Structures are given as structure tokens and as C-alpha cells.
Amino acid sequence: MKPLRVPLRQHREILGEVIGRLLRQPVATLMTVVVLAAALALPAALLLITDNLERLAERFEEPGKLSVFLVHEGINPKALEDRLRGLDGVANVRYVGPEQALEEATSLLGLGEALEGLPDNPLPGSFEVTISPQQRAPARMAAVADTVSAWSAVDQVQYDRRWVERFQAVVGFLRQTGGVSAVLLGAVVVLIIGNTIRLAVLNRRREIEVIKMIGGTDAFVRLPFVYTGLIQGVAGALLAAVLVAGALAVLNISLADLIAHYDTRFRLRGPDGSYFAVLLLVGAGLGWLGSRLAVGRHLRDIEPA
Amino acid sequence: MLTLDRVSKRYPHGQAALQGVSLALEPGSMHFLTGHSGAGKSTLLKLATAIERPSGGRVVIGGDDITSIPRRRIPYLRRAIGTVFQDHKLLFDRTVYDNVALALQVRNFPRSKITGRVQAVLARVGLERHRDKYPITLSGGEQQRVAIARALVNKPDLLLADEPTGNLDKQLGDEIMDLFYEFHQFGMTVLVATHDLSQPQRLGLPQLQLQRGTLFS
């Protein structure tokens, strides 16, 4: 195995030194961390919100009813009804014959006089099909509708799914916005950390010169700066997680009342373990990247003279 | 220990700093490198530590040709050489102890081993009472001793000093030179660049004289 360029024990010592240095400048450190947290919290929160909205969409009670309109002639309602009942997910089927449809139209819609003037009853027979609650996902409803509308006795199938699709489109758009902002703000995090590290490198120019003069390797010079970026990234991610969790707790309280009207069981889902882990990894990774890029750029320029 | 073979150095847009300089320092020897400022003394020392690279000729240290040493090997070259500068290049935000310990930290020495060696070398240059002070609180001669301790703590084979007494009065300067002379007597190869021509005579040591980039011995 290739030996470590800097042994583990020394990593610990350098880490301790770096933390000490950061704590000795609490205001500067805190400001950097707060800015990083803000940049990380925004996409993290968007991600959490879209995640919750998607869950909400799944839980919404679908209308759950299909109206199957039949062609005018040559149909056997009884056979069709049996066929509909045989479909997977169908809970109930009710036949509405043309005469009954006319009666309902007359009494419910007040169209009596207009319809009475017609020589024939223009309304087709129809089935009102109720889908069992477990099968009301938009994809499942669409599948049943597609199957049924292919039958020769069926003229058309209607159900109200458009608003669900629109809602999902909005959630999808939000998710994409979250993705784009995550990339942009991730770049911002790299730039912020890169800039603080660049200033730190320039501030410690003399020290770097001396270390190189007495035989310090690039890895040795680089390490404290890379750790500084890494720690700031992790601290920013931790604060971001606290901000997101806090904001969510407040939202949960104010939304509880609203949500109760729709579905009493629904709660905004807070950040879980893996969400925290990913956030920390992202913070650490961006911190490492920013500091590594900044140190790499400036390290070669600083040589003893 | 240090061999230069027809070495020349020309800085970009400048005149030649060194021209056809050849020398060979035997292990354990001590020499003074003399000459006016601008004669090329610093350039010669910088070639030995790969701060500068020669425009022509060969530089060999301890059997290794470092004429075109790759960048990544330079730290290991410098660890084998102790270097002392006129402005001593100490870090003022660290104590005397930490300044000296840094030379061992860059070599990945464990902390437990560092303490003993730093104590010993500080005692060697007479600074054991000042270990926890900051360099700014010390006199010029004491600061130079800290720099010497830092150069020695690695137990280098070769010690290079560039005008180490340039900022010191005669008496302090002599003390520093005496210190180098002691190290030479313990077997270290020493090369001291100075414009103070009294030192070679005082210590009875050979001098290498640089004049406008050319060496006379």
C-alpha cells in the first residue's frame, strides 16, 4: 500500500489547529458559515417541499369515478356490467339507461322543455364505475379508462383527472427549479469558500514560504486550508439543516389547520437521517472542492525567494 | 557534499549573476563565501536549495544531481539542508518553540519526539529559557539563534547561511559565527555567505570569493 503523504496522526493535529484557528476568529467564521448555510438551505428546503407535495398528490382522494358512455345501438347492458365488474380495481358499477338519463337531465339540470321538443331521446346509456380507493392513483385510473374505451360498445370514458395532472406538473416544475437552484447555489458555495481560502492563503503567504523553505511538501501546506474549507462546508450544512428543520416545524403548525380540511393524517415530513447525511456530504464536498481549487491555484505562485 | 560544475545563472532581463562557477565542498568542511553585495552569493545559495535553477552547468548535493530536480522532490532536498537567512524568516505569530518545531512537523515527526529534540537544540544555541516567548520580544542576535535552531533541528548534513550576521553588531556576529564553527567541528558541512572579510581570518577558514559572478579561491 502506498504510504499516506501525511500520516493520520498528523491529520488529527492539523485538524485541531484548524479548528482552533477558526474559533479564534469567531465573527469571521460565523459570517462565512451563515452565508454558506443560506446558500445550502434554499435548495435543500425546495427539495423537501417538492418531496412533501408529491406525497400530498399521492394521498389526495381521487374522484374515483369513471363515466362510461355507451353507443346508441346494439348493446347488452347486463353483459357490459358483468364485464366492468370483472375488471381489476372496480368496486361498484351502476347502470344509467337512456330514459333514466333523460329524467335526471330534466329534473337536475332543468333541461326538460328543451329535451321534450326532440323527436328521440338524444342521451346514451351509461355506466357509473367506482374504482376501489386503493386503485385511485392517476396511472391506475388512466389504465382502466383506456381499457374500457377500447370496447366496441363504448363511445367514450370521462373522468376528472386533469387537475391532478396539473398539480403534478406544478410539483415537477418546482422540483426542476430546486435542481437548477441547487446547482447555482452549489457553485456559489464553492466560490464563497474558494474566496475565503484564497484570502487565508494570501494572509499566510510568509508562513507558506517558510514551510516550503524548510522542506514542507505541497500536501502539508495544502492540508490546513483544505480542512478549513471542509469544516466551513460541514458547519454551513449543519446550520442549513437546523434552519430547514426549524422552518418546517413552524410551517407544520400553521398548515395543520389548513391540512385538516383535506386529510387529517397528513403532516409535512421533516428531514430524516439520510437527508441530513446527504446535506452534510454535499456541504463537505463543496467545501473541499472550493478550498482545493483555491489552494491549488495559489500554492504554486508562493515560493521562497 | 556540494559540488558546482561550471554553473551559470542568468536572470530574465538581467545580467549574468553567476558565470562558470565550479566548486566542491568536502563533507565536514567549512567555507566562507565572500564578495560585495550583488556578487552572486545569494544566487549561489539559492541554486543549492533549488529556489533558483541554473541556466547552465550542474549542481550536485550529496551525490544527487539536482540541476533539474522535479518539483515534487524539492521538499526532500531542502530537509537535508539547514538554511539561515539574514532576515531569519521567523513566524511572529508562533513561539520560539513552535518556530523550531515546525521544521520537524513538516517532516511528519510525532509530537512526542518533537519536544525532546526542540529542547535539545534550543539548549544548544542558548535559548532554552526563551522557548515560550514570541520572536518579536527577542533581540536580533537571539532571533538569529532561533533561526539557527530551526535550521539545525533536522540534523542536516549541509548548513547554508546567507549573511547571518548582517544585522548584528561585531560581538553578536562573532558569537553567531563561533556557533557555526562549533557545528563544523562536530562534522557538519558549513557554507556561510558574508561580506565581512574579517571572519575567515579570525577563524582561520578558507574563503571562496565571488566577484561579479565569477569565483576566485
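J.: So what exactly am I meant to see when it comes to the overall build of chain A here?
T.: When helices and strands are counted, chain A shows 10 helices and 4 strands. What you see in chain A, going N to C, is helices and strands ordered as α-α-β-α-β-α-α-β-α-β-α-α-α-α. Of all 305 residues assigned to chain A, the portion counted as buried reaches 27%. A sequence separation of at least 24 residues applies to 86% of the contacts in chain A between residues at least 6 apart.

J.: Would you mind showing me how to read unusual backbone geometry here?
T.: When glycine is set aside, most residues are seen to have a negative phi, and most peptide bonds are trans. Residues and elements named next belong to chain B. For Ala-50, which is not glycine, the phi dihedral falls at a positive 60 degrees. Using a count of 23 C-beta atoms within 10 Å as the deciding quantity, one classes Ala-50 as buried. You will see that Lys-89, though not glycine, has its phi angle at about 50 degrees, which is positive. Tracing the backbone shows Lys-89 in the loop between strand E6 (81-85) and helix H3 (96-105).

J.: What is the right way to look at the sheet that holds strand E2 (residues 90-96) of chain A in this model?
T.: What holds strands together in a sheet is hydrogen bonding between their backbones, with the strands either parallel or antiparallel. Residues and elements named next belong to chain A. The sheet built from 4 strands is open, its strands ordered E2-E3-E1-E4 with antiparallel pairing. Of all strands in the sheet, those with a lone pairing partner are E2 and strand E4 (154-158), marking the two edges. Each adjacent strand pair in this sheet contributes to an overall mean axis angle of 20 degrees, direction not counted. Where E2 lies against strand E3 (residues 126-131), 6 bridges are found, and the strand directions are antiparallel. In the sheet register, Val-90 faces E3, and the bridge partner there is Ile-131.

J.: How should I be thinking about the interface of chain B and chain A in this particular structure?
T.: On the side of chain A, 17 residues touch chain B, which itself brings 16 residues to the contact. The set of elements that each furnish at least two residues to the side of chain B that touches chain A consists of helix H2 (74-79) and H3 of chain B. Here the side of chain B that touches chain A gets 4 residues from one element, more than from any other, and that element is H2(B). By residue class, the composition of the side of chain B that touches chain A is 8 nonpolar, 2 polar and 6 charged.

J.: For this particular structure, what's the right way to read the nonpolar core?
T.: As a rule of thumb, nonpolar side chains are buried together in soluble globular proteins. One finds A:Leu40, A:Val189, A:Ala240, B:Val100 and B:Ala149 to be the most contacted residues of the largest nonpolar core, which totals 102 residues. A total of 15 residues in this core trace back to one element, the largest contributor, which is helix H9 (residues 218-260) of chain A. Discounting chain neighbours no more than four positions away, the residues touching A:Leu40 are A:Val189, A:Gly236, A:Ala237, A:Ala240, A:Leu279 and A:Gly283. Of all hydrophobic cores here, the second largest spans 14 residues; its members include A:Val68, A:Leu70, A:Leu84 and A:Phe127.

J.: Explain the packing of H3(B) against helix H5 (residues 140-152) of chain B to me, please; I cannot follow it from the model alone.
T.: For any two helices packed against each other, one specifies the inter-axial angle together with the distance between the axes. Residues and elements named next belong to chain B. Contact geometry of H3 with H5 gives a least axis separation of 7 Å together with a crossing angle of 30 degrees. As summarised for this structure, H3 and H5 are arranged roughly parallel, according to the angle between their axes. In the crossing of H3 with H5, the sense of the turn from one axis to the other is right-handed. Between H3, through Val-96, Asn-99, Val-100 and Ala-103, and H5, the contact on the second element is made entirely by Val-146, Ala-149 and Arg-150. Of the residues belonging to the contact of H3 with H5, the class tally is 5 nonpolar, 1 polar and 1 charged.

J.: Got a minute to help me understand the sheet that holds strand E5 (residues 64-65) of chain B in this structure?
T.: Residues and elements named next belong to chain B. The strand order across the open sheet formed by 4 strands is E2-E1-E4-E5, and the pairing between neighbours is antiparallel. Among the strands making up the open sheet, the edge pair consists of strand E2 (16-25) and E5. As paired elements, strand E4 (residues 56-61) and E5 share 2 bridges and run antiparallel to each other. Across the sheet, Ile-61 pairs through a bridge with Asp-64, a residue of E5.

J.: Before we go on, may I ask you to explain helix H10 (residues 273-299) of chain A in this structure?
T.: Every α-helix carries 3.6 residues per turn, so stepping three or four residues along brings you back to the same face. Here H10(A) is 27 residues long and its end C-alpha atoms lie 38 Å apart, about the 39 Å a rise of 1.5 Å per residue gives. Taken as a whole, H10(A) has its buried residues at A:Leu279, A:Val282, A:Gly283, A:Leu286, A:Gly287, A:Gly290, A:Ser291, A:Ala294 and A:Val295.

J.: Mind showing me how you'd approach helix H1 (residues 41-48) of chain B here?
T.: All names here are of chain B. When you tally the buried positions in H1, you get 7 out of 8 residues, the bulk of the element. Lys-41, Ser-42, Thr-43, Leu-44, Leu-45, Leu-47 and Ala-48 are the residues of H1 that are buried. Trailing H1 by a residue or two, Ala-50 shows a phi angle of about 60 degrees, which is positive.

J.: I'm lost on the confidence of the model for chain A in this one. Help?
T.: Detailed reading of the predicted model is not advised wherever pLDDT is low. Summary statistics for chain A give a mean pLDDT of 83 and a share of 88% for residues scoring 70 or more. When mean pLDDT is taken per element in chain A, helix H8 (residues 205-213) of chain A scores highest with 92 and helix H5 (residues 112-116) of chain A scores lowest with 67.

J.: For this particular structure, what's the right way to read the packing of H5(B) against helix H6 (residues 170-185) of chain B?
T.: All names here are of chain B. With their axes 10 Å apart at the nearest point, H5 and H6 run at an angle of 15 degrees to one another. The orientation of H5 relative to H6 falls into the category roughly parallel. H5 and H6 meet at a crossing whose hand is right-handed. The segment H5 lies against H6, with Gly-141, Gln-144 and Ile-148 engaging Leu-172, Glu-175, Ile-176 and Leu-179. Considering only residue class, the contact of H5 with H6 consists of 4 nonpolar, 2 polar and 1 charged.

J.: What am I meant to see in the environment of B:Thr194 here?
T.: Residues and elements named next belong to chain B. Locating Thr-194 in the fold gives a position in strand E8 (residues 189-194). What makes Thr-194 buried here is the crowd of 23 C-beta atoms within 10 Å. C-alpha separation for the pair Thr-194 and Thr-165, spaced 29 residues apart in sequence, amounts to 7.8 Å. If we skip the residues at most four places from it in the chain, Thr-194 touches Phe-32, Thr-34, Glu-163, Thr-165 and Gln-199.

Cut-offs applied
- Residues numbered from 1 in each chain as written.
- Chains lettered and ligands numbered in written order.
- Predicted model: local features only at pLDDT ≥ 70, side-chain atom pairs only at ≥ 80, totals over all residues.
- Helix = DSSP H or I, 4+ residues; strand = E, 2+ residues; numbered from the N terminus.
- Buried ≥ 20, exposed ≤ 12 C-beta atoms within 10 Å, placed from the backbone.
- Contact = placed C-beta atoms within 7 Å.
- Pairing = 2+ DSSP bridges.
- Axes fitted to C-alpha atoms, helices over the stretch in contact; angles between N-to-C directions.
- Nonpolar A, V, L, I, M, F, W, Y, C, P; charged D, E, K, R; others polar.
- Core = buried A, V, L, I, M, F, W, Y, C linked by C-beta atoms within 7 Å.
- Parallel < 35°, antiparallel > 145°, perpendicular 65-115°, else oblique.
- Left-handed = near helix turned anticlockwise from the far one by under 90°.
- Expected span 1.5 Å × (residues − 1).
- pLDDT = per-residue confidence, 0-100.

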